[in-house]
Amino acid sequence: MELRHLRYFVAVAEEGSLTLAAEKRLHTAQPSLSRQLRDLESEVGAQLLVRTSRGVDLTDAGLAFLAHARLALAQAA
């Protein structure tokens, strides 16, 4: 797991949208961001996000992971 995966996840969780996170915060393409998040979910072995037509929602695992991701990013900074 790389720090960028954590940054991507936190940005999407806070924006509530893959598209907004990709464009506003991460300056990357949405398909690439989607792929990175699927890789992260595969690595942690749990679905972290539920993709909907209106954006994304965090699963229970995603909520728990968000706290740890924020902590790891703060410690890395």
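Heads up: the structure comes first, above all this text.
Within each chain, residue numbers correspond to sequence positions counted from 1 in written order. For a predicted model such as this one, the threshold for reporting local features is a pLDDT of at least 70, and the threshold for listing and counting side-chain atom pairs is 80 or more; totals across whole chains, interfaces and linings nevertheless cover every residue. Side-chain numbers come from the whole structure's heavy atoms, not from hydrogens or water.

### A few points about the packing of helix 2 (residues 18-26) against helix 3 (residues 30-44)
Right, on to step 1. Closest axis-to-axis distance for the helix 2/helix 3 pair is 9 Å, and the angle between their directions is 110 degrees. Between helix 2 and helix 3, the angle falls in the class roughly perpendicular. Note on element contacts: helix 3 touches helix 2 through Gln30, Leu33, Ser34 and Leu37, opposite Leu18, Thr19, Ala21, Ala22 and Leu26.
Right, on to step 2. Its residues assigned to classes, the contact of helix 2 with helix 3 shows six nonpolar, three polar and no charged. Between N-to-C directions, angles cover 0 to 180 degrees, with each direction set by a line fitted to C-alpha atoms, over the stretch in contact for helices. Numbering of helices and strands starts at the N terminus; helices are DSSP runs of H or I of at least 4 residues and strands are runs of E of at least 2. Working rule for angles: under 35 degrees goes down as roughly parallel, over 145 as roughly antiparallel, 65 to 115 as roughly perpendicular, anything else as oblique. Here, residues are in contact when the closest pair of their heavy atoms is within 4.5 Å. Only Asp, Glu, Lys and Arg are considered charged in this grouping, and only Ala, Val, Leu, Ile, Met, Phe, Trp, Tyr, Cys and Pro are considered nonpolar; every other residue, Gly among them, is considered polar.

### Details of the environment of Ala11
Right, on to step 1. Take Ala11: it is sitting in helix 1 (residues 3-15).
Right, on to step 2. Exposure categories follow from relative accessible area, calculated using a 1.4 Å probe and restricted to protein chains: below 20% of the type maximum is buried, above 50% is exposed, and the middle band is partly exposed. With relative accessibility at 2%, the residue Ala11 sits in the buried group.
Right, on to step 3. Sequence separation between Ala11 and Ser32 is 21 residues; the distance between their C-alpha atoms is 14 Å.
Right, on to step 4. The contacts of Ala11, once residues within four sequence positions are left out, are Ala21, Arg25 and Leu26.

### Looking at the side chain of Glu41
Right, on to step 1. Structurally, Glu41 is set in helix 3.
Right, on to step 2. According to the relative accessible area criterion, Glu41 is buried, its value standing at 12%.

### Regarding the pattern of salt bridges
Right, on to step 1. Salt bridges, as used here, are contacts in which a Lys or Arg side-chain nitrogen is within 4 Å of a carboxyl oxygen on Asp or Glu. Applying the stated rule across the entire model yields six salt bridges.
Right, on to step 2. Ionic pairing is found between Glu15 and Lys24, a salt bridge with its closest N-O pair at 3.6 Å.
Right, on to step 3. By relative accessible area, which is 21% here, Glu15 ends up partly exposed.
Right, on to step 4. Where Arg25 meets Glu15, a salt bridge forms, and the shortest distance between an N and an O atom there is 3.6 Å. Of this pair, Arg25 sits in helix 2 while Glu15 sits in helix 1, placing them 10 residues apart in sequence.
Right, on to step 5. We classify Arg25 as partly exposed; its relative accessible area is 35%.
Right, on to step 6. Taken together, the salt bridges that share partners define one network made up of Glu14, Glu15, Lys24, Arg25 and Arg70.

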